[in-house]
Amino acid sequence: MDKKIIFSGVQPSGNITLGNYLGAIKNWVDLQKDYSCRYAIMDMHSITVRQDPAQLRKRTLDLLKLYIACGIDPEENLLFIQSQAPAHAQLAWVLNCYTYMGELSRMTQYKDKCAQHADNINAGLFTYPVLMAADILLYQADLVPVGKDQMQHIEITRDIAGRFNALYGDVFKIPEGFLPKAGAKVMSLTEPTKKMSKSDENPKAYISILDDFNVIAKKIKSAVTDSEGVVEYREGDETKAGINNLLTIMAAVTGRAVEDIAADYAGKGYGAFKADVAEAVVEHIRPIREKYDSLSGNKDYLVSIYTKGAEKACAISERTLQKVYKKVGFVL
Ligand code: TYM
């Protein structure tokens, strides 16, 4: 039987954080044996905020390297760069005509980005979820593994697909979002009621997968917690947001339950706990970094991966696009 299809991606718009890894990429690695997976680097999404062109090009290739270093097998999965498959932009245009201003203006990420980039509220920022819907629907994905912050975009994708199908028949598969058991929303280390974000101005707020190990340890050891001194997971209790976050991170990298981890620290202070979280995170990242560094001198290999990836992505996405063009009445 054919395997079910996964589509997902990360924007190359900054340092890839522990949040991106635990919320998305780690899950992709775990899912790759059971699904046919398509993982892209979403460079077209990232220009909705200003990027330095040389940096963007570098980060795109670094992200490809990181996907592979995290354990995604490029032989078994389709890895490609979004802008190299033109059907994404083409389908996004069509879907724009089947998406309402009202539903786009309700998107929380749009509202947050408008607040962050008040000097550049461009139309791309507004229609961003339509491009994301096109990404997913072109590949007829069954499942989209993402962090919690992207679930609203999956919902709108489902709405757009359902609306299009209601008019033209079964053109698109209706995809489901998929969250990891632990790490669906990793919080900032300095303001633990806020999401950990790669665009945070304060580098102490996030852990980059490419940070030095001693920097990672330092950031975890100085993470904001509380003055209670009790390592306990209390869902929804804002005063415990820092400890909840560190417990969740530890759970995600060790595969253990938060309650079991907390039990190990009964009667111990935060110092011992933070030191162990730091060690667990560093040990988890160490093999990823070794693989990443080993790929660094291997540009030809990366070029061959994304070139092959683009060819295959174009073939698959063009098929769906042609179906859509036919349905809406374009001459083929
Ligand atoms: P992006 O690049 O912001 O984030 C990539 C992935 O990381 C997850 N994530 C987190 N998970 C847990 N805790 C956090 N603090 C955290 N921060 C980020 C995100 O949920 C995401 O899964 N719009 C997408 C990129 C995209 C895409 C797609 C994803 C474009 N087209 C199609 C899936 C399918 C984005 O901005 O992700």
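Residues numbered from 1 in each chain as written. Predicted model: local features only at pLDDT ≥ 70, side-chain atom pairs only at ≥ 80, totals over all residues. Heavy atoms only, no water.

### Digging into unusual backbone geometry
And then number 1: Residues other than glycine seldom take positive phi values, yet Gln140 does so here, at roughly 50°.
And then number 2: Along the polypeptide, Gln140 turns up in the loop between helix H7 (123–138) and strand S4 (143–145). (Helix = DSSP H or I, 4+ residues; strand = E, 2+ residues; numbered from the N terminus.)

### Here's the deal with the packing of helix H3 (residues 53–70) against helix H12 (residues 270–295)
And then number 1: Direction vectors running N to C along H3 and H12 enclose 130°, while the axes themselves pass 8 Å from each other. Between H3 and H12, the angle is such that the two are oblique. The two elements H3 and H12 cross, and the hand of that crossing is right-handed. For the pair H3 and H12, the contacting residues are Asp62, Lys65, Leu66, Ile68, Ala69 and Cys70 in the first and Ile288, Lys291, Tyr292 and Leu295 in the second.
And then number 2: The residue inventory of the contact of H3 with H12, partitioned by class, reads seven nonpolar, no polar and three charged. (Axes fitted to C-alpha atoms, helices over the stretch in contact; angles between N-to-C directions. Parallel < 35°, antiparallel > 145°, perpendicular 65-115°, else oblique. Left-handed = near helix turned anticlockwise from the far one by under 90°. Contact = heavy atoms within 4.5 Å. Nonpolar A, V, L, I, M, F, W, Y, C, P; charged D, E, K, R; others polar.)

### Looking at empty space enclosed by the protein
And then number 1: All chains considered together, the criterion is met by one cavity of 30 Å³ or more.
And then number 2: Estimated volume of the largest cavity: approximately 40 Å³.
And then number 3: If you go around the largest cavity, the residues you meet are Met107, Gln109, Tyr110, Lys113, Leu125, Tyr128, Pro129 and His153.
And then number 4: Taken together, the elements giving at least two residues each to the lining of the largest cavity come down to helix H6 (108–116) and H7. (1 Å grid on protein atoms, 1.4 Å probe; cavity = no way out; pocket = protein on both sides within 12 Å on 5 of 7 lines; lining within 4 Å. Points joined across faces, edges and corners; volume = space filled by probe spheres on them.)

### What about the layout of surface pockets?
The probe, sized like a water molecule, is rolled over the atoms to show the empty space still left.
And then number 1: Its boundaries defined by the atoms lining it, the second largest pocket holds a volume of some 790 Å³.
And then number 2: Taken together, 31 residues form the lining of the second largest pocket, with Gly183, Ala184, Lys185, Tyr233 and Thr248 sitting closest to its centre.
And then number 3: Contributing elements (two or more residues each) for the lining of the second largest pocket: helix H1 (18–31) and helix H10 (241–254).
And then number 4: The residue inventory of the lining of the second largest pocket, partitioned by class, reads 14 nonpolar, eight polar and nine charged.

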